[in-house]
Amino acid sequence: MARFRTRLALLGSAAALTAGALAPAQLAGAQSAAAAADYDWVALGDSYTAGVIQAAGDIFEVPRDGCERTDRSYPQIIHRDLGALFELTDVSCGAATIEDVTFRAQQPIGRSVPGNPDPEAPFAPVPPQSEAVKSGTDVITVGVGGNTLGFGDILFKCLELGQGSGGAGTPCKDELAASVPGRLAKVSRDYDAMLAKLHEKGPHAKILAVGYPTIIPKDTAKCQYNHPHQFLSITPGDLDWLRQDVLEPLNKTIEKSTGTQDAAAFVDLYDSTQNHSVCDAGKWVEGVLDEHNRPALVHPNAKGHQNAADHVTSAILDAVAPKD
């Protein structure tokens, strides 16, 4: 109960400071809010953190760096709500792997899709995301792992192999299933190394590992074969395989790695998104195309990011609340 009251107090302080920042003297208010920030928060991750797609808002950074952080992604939503308490450094980047977070400079791809490169590409490399973590960082959120698993490559292969199948069979599972255990093992190794690096750079920080939402429903009868706003040519059998043997084990692998680090905690998004998959009417993840026929390539929309913001906000406030 004491912790709950403390979190309410933190929220109340944020609301009061934010209200002050919106007073007539806007510039002075904004400066006061920035000066009053009590905690340093660094947001790391891939496109499921950065936003990337148009259904997750507008790119707000000028000039663009190709990472495609959008204004309705969950770090930006949280920052608007809690910016008076938390100074945010958001270096999440579309297409990032765990190694790009840990130690490797990344060359962003912008909104490039296969066969259609971003007209402003190539972009300059960005530093390893872990460089944004400092000794005084209080909270680190990180959502990454899907690109290390190669989920995008798997998805496109499933689309290719499902063409002309009429929705029958499991052509993708038949070709790729044997590679999945090795892919998951790499995620585990890389995630362990990343958490150790983040703890080394931010020894006092709480690390919040953000999992992936529900993408494919348990009942794949909801998914229409060859529907561009869903999974297009991926067969129902392959969707079942992707959910059970690829995506759910990815979350479990991340959660297990998180449990090896005392400073880390896992933020589950899977359960809260069960009825909001690509194939649900109230979807929080777009399909191959979004409802306006823009490339989405199976990424969360603004509603999905709002749900993530709700859960990550709770975890952040819990991380900084004094413990009984």
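Refer to the structure presented above.
The sections below set out a description of the structure shown in this document. (Residues numbered from 1 in each chain as written. Predicted model: local features only at pLDDT ≥ 70, side-chain atom pairs only at ≥ 80, totals over all residues. Heavy atoms only, no water.)

### Points about the packing of aromatic side chains
Then step 1. Applying the stated rule across the entire model yields 2 aromatic pairs.
Then step 2. Between the aromatic rings of Tyr-48 and Tyr-212, the centroid separation amounts to 5.3 Å while the plane-to-plane angle is 70°, which identifies the pairing as edge-to-face. Here Tyr-212 lies in the loop between strand 4 (206-210) and helix 10 (236-258) and Tyr-48 lies in helix 3 (residues 47-50), a separation of 164 residues in the sequence.
Then step 3. Accessibility expressed as a relative area gives 12% for Tyr-48, which makes it buried.
Then step 4. Judged by relative accessible area, which is 8%, Tyr-212 ranks as buried. (Phe/Tyr/Trp six-rings, centres within 6.5 Å; stacked < 30°, edge-to-face > 60°. Helix = DSSP H or I, 4+ residues; strand = E, 2+ residues; numbered from the N terminus. Buried < 20%, exposed > 50% of the residue type's maximum accessible area, 1.4 Å probe, protein only.)

### Side note on helix 10
Then step 1. Taking 1.5 Å per residue, 23 residues should reach 33 Å; helix 10 reaches 32 Å between its end C-alpha atoms and fits that length.
Then step 2. Where helix 10 bends most, the angle comes to about 35°, and this point is Leu-242. (Expected span 1.5 Å × (residues − 1). Bend = angle between axes of the 7 residues up to and from the residue.)

### A closer look at the sheet that holds strand 4
Then step 1. The strand order across the open sheet formed by 5 strands is 2-1-3-4-5, and the pairing between neighbours is parallel. The sheet is open, and its two edges are formed by strand 2 (86-90) and strand 5 (264-267), each paired on a single side. Taking the axes of each pair of neighbouring strands and ignoring which way they run, one obtains an average angle of 20° across the sheet.
Then step 2. In terms of strand pairing, strand 4 meets strand 5 through 4 bridges, oriented parallel. Bridging from a neighbouring strand, Ala-209 pairs with Phe-266 of strand 5.
Then step 3. On the sheet, helix 4 (residues 74-82) packs against strand 1 (39-45), strand 2, strand 3 (139-143) and strand 4 and is oriented at approximately 160° with respect to strand 2. (Pairing = 2+ DSSP bridges. Axes fitted to C-alpha atoms, helices over the stretch in contact; angles between N-to-C directions. Contact = heavy atoms within 4.5 Å.)

### Topic: the packing of helix 7 (residues 151-162) against helix 10
Then step 1. The N-to-C vectors of helix 7 and helix 10 enclose an angle of 165°; their axes lie 12 Å apart at closest approach. Here helix 7 is positioned roughly antiparallel relative to helix 10, judged by the angle of their axes. Seen along the crossing, helix 7 lies across helix 10 with a hand that is right-handed. For the pair formed by helix 7 and helix 10, the contact residues are Phe-151, Ile-154 and Cys-158 on the first element and Trp-241, Leu-242, Val-246 and Leu-247 on the second. (Parallel < 35°, antiparallel > 145°, perpendicular 65-115°, else oblique. Left-handed = near helix turned anticlockwise from the far one by under 90°.)

### Focus on the nonpolar core
Then step 1. Of all hydrophobic cores here, the largest spans 47 residues; its most connected members are Val-142, Tyr-191, Met-194, Phe-231, Trp-241 and Leu-242.
Then step 2. Listing elements by their share of this core, those giving two or more residues are strand 1, helix 5 (98-102), strand 3, helix 7, helix 8 (171-176), helix 9 (180-201), strand 4 and helix 10.
Then step 3. Look past the residues within four positions of Met-194 in its chain and what remains in contact with it is Ile-98, Val-101, Thr-102, Val-142 and Val-144.
Then step 4. With 22 residues, the next largest nonpolar core counts Ala-43, Leu-88, Val-210 and Ala-309 among its residues. (Core = buried A, V, L, I, M, F, W, Y, C linked by side-chain atoms within 4.5 Å.)

### Topic: helix 11 (residues 302-320)
Then step 1. Taking 1.5 Å of rise per residue, the 19 residues of helix 11 would be expected to cover 27 Å, and the 26 Å separating its terminal C-alpha atoms lies within 8% of that figure.
Then step 2. Regarding helix 11, the residues found buried are Ala-302, Gly-304, His-305, Asn-307, Ala-308, Ala-309, Val-312, Thr-313, Ala-315, Ile-316, Leu-317 and Val-320.
Then step 3. Where helix 11 begins, one side-chain oxygen reaches toward the backbone nitrogen of Lys-303, 3.0 Å away; that side chain belongs to Asn-301. (Polar contact = N/O pair within 3.5 Å; in protein donor to acceptor, adjacent residues only side chain to side chain.)

Distances and angles like these do not, on their own, reveal function.
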